[in-house]
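Given next are the chains, with one letter for each unit.
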Amino acid sequence: MLTKPPHGSPCNGCGGCCADQRCPLGRLVFGPGGRCPALEMRFPAFTCGLVESPEKHAPHVVRTHGADRAAKAAAILIGAGLGCDALLEGEAPNAEWRAWAIGRVDRVASAEAAAIWCAR
Ligand code: SF4
Ligand code: SF4
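Within each chain, residue numbers correspond to sequence positions counted from 1 in written order. Written order decides the labels, with chains lettered from A and ligands numbered from 1. Totals for whole chains, interfaces and linings use every residue, but because this is a predicted model, local features are given only for residues with pLDDT of at least 70 and side-chain atom pairs only at 80 or more, for both listing and counting.

(A) Fine view of the overall build of the chain. Secondary structure summary: the chain contains 8 helices and 2 strands in total. Across its three principal axes, the chain shows a C-alpha extent of roughly 40 × 30 × 25 Å. Using C-beta atoms placed from the backbone, we call a residue buried if 20 or more other C-beta atoms fall within 10 Å of its own, exposed if 12 or fewer do, and partly exposed for counts in between. Per-residue burial over the chain gives 25% buried out of 120 residues. Each residue is represented by a C-beta atom placed from its backbone, and any two residues with such atoms within 7 Å are regarded as in contact. If you take every contact in the chain between residues at least 6 apart in sequence, the share linking residues at least 24 apart comes to 54%. To qualify as a helix, a DSSP run of H or I must reach at least 4 residues; to qualify as a strand, a run of E must reach at least 2; elements of each kind are numbered from the N terminus.

Next comes the structure, spelled out in structure tokens:
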């Protein structure tokens, strides 16, 4: 198992966040609950199944929008590439990184991505 890096560090795919609780996209697709059903092992790290294989977890979205669009939209909605946004076990937040990450959000692309995943 990989160890979770500090908040705001590059994501190493430890999977701690998605094993602990579902992100907003995970809750939208699977409903409320603990460990996300889309959390997939790609040894030695974990990855998001809604990005890697959306056809497996959300065939209704892929039927409407195609796997490539669904995957790219999922990556935007989970903040892929921004860094570790999980705070586990009382960890102190990295406020400087959080402000940087918020500034990187493309609101138009996020709205388009949300429209893809919110469509039923
Ligand atoms: S966001 Fe953080 S806790 Fe989640 S997989 Fe990446 S490094 Fe691990
Ligand atoms: S949808 Fe993806 S990023 Fe979100 S909790 Fe599930 S596996 Fe993690």
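On we go.
(B) Expanded view of the site of ligand 1. Should the C-beta atom of a residue, placed from the backbone, lie within 6 Å of a molecule or strand, that residue is near it. In the neighbourhood of ligand 1, the contacting residues comprise Lys4, Pro5, Cys11, Asn12, Gly13, Cys14, Gly15, Gly16, Cys17, Cys84, Asp85 and Ala86. A breakdown of the residues in the shell around ligand 1 according to their chemical character gives 6 nonpolar, 4 polar and 2 charged. Charged means Asp, Glu, Lys or Arg here, nonpolar means Ala, Val, Leu, Ile, Met, Phe, Trp, Tyr, Cys or Pro, and polar covers whatever is left, Gly included.

(C) Just the site of ligand 2, in detail. Around ligand 2 sit Cys18, Arg22, Cys23, Leu25, Gly26, Cys36, Ala38, Leu39, Cys48, Gly49, Leu50 and Ile78, and those are all the residues in its vicinity. Elements with a minimum of two residues in the shell around ligand 2: α2 (24–30) and α3 (49–52). Among the residues making up the shell around ligand 2, the classes are represented as 9 nonpolar, 2 polar and 1 charged.

(D) The arrangement of the packing of helix α6 (residues 67–77) against helix α8 (residues 107–118) in detail. Every axis corresponds to a line fitted to the C-alpha atoms, with the helix fit spanning only the stretch in contact, and the corresponding angles, defined between N-to-C directions, vary from 0 to 180 degrees. Put simply, α6 and α8 touch, their axes get as near as 9 Å, and they point 125° apart. Relative to α8, the element α6 lies oblique. Considering the relative orientation of α6 and α8, their crossing is left-handed. Taking contact as the criterion, the partners of Arg69, Ala70, Ala73, Ala74, Ile76 and Leu77 in α6 are, on α8, Ala109, Ser110, Ala113, Ala114, Ile116 and Trp117. In this scheme, roughly parallel covers angles under 35 degrees and roughly antiparallel covers those over 145, while 65 to 115 is roughly perpendicular and the rest are oblique. By definition, any crossing whose near helix is turned counterclockwise from its far helix by less than a right angle is left-handed, and any crossing with a clockwise turn is right-handed.

(E) Structural context of the nonpolar core. By convention the nonpolar core is taken to be a set of buried residues drawn from Ala, Val, Leu, Ile, Met, Phe, Trp, Tyr and Cys and joined through C-beta atoms within 7 Å. Within the largest apolar cluster, 21 residues are counted, with the highest numbers of intra-cluster contacts made by Leu25, Leu50, Ala73, Ala74, Leu77 and Trp117. Put simply, the parts of the chain that give this core at least two residues each are α1 (16–20), α2, β2 (45–48), α3, α6 and α8. Here the element with the most residues in this core is α6; it accounts for 6 residues.

(F) Region of the structure containing unusual backbone geometry. Residue proline 44 is bonded to the preceding phenylalanine 43 through a cis peptide linkage, with omega at 10°. Relative to the assigned elements, proline 44 resides in the loop between β1 (39–42) and β2. Non-glycine residue glutamate 89 carries a positive phi angle of around 55°.

(G) Focus on the pairing of β2. Of the two faces of β2, the one holding Phe46 and Cys48 is buried and the one holding Ala45 and Thr47 is not buried anywhere. Pairing between two strands is assigned when DSSP locates at least 2 bridges connecting them. Relative to β2, β1 runs antiparallel, the two sharing 4 bridges. What sits directly across from leucine 39, in β2, is cysteine 48. Once β1 ends, the chain turns through 2 residues before running back antiparallel as β2.

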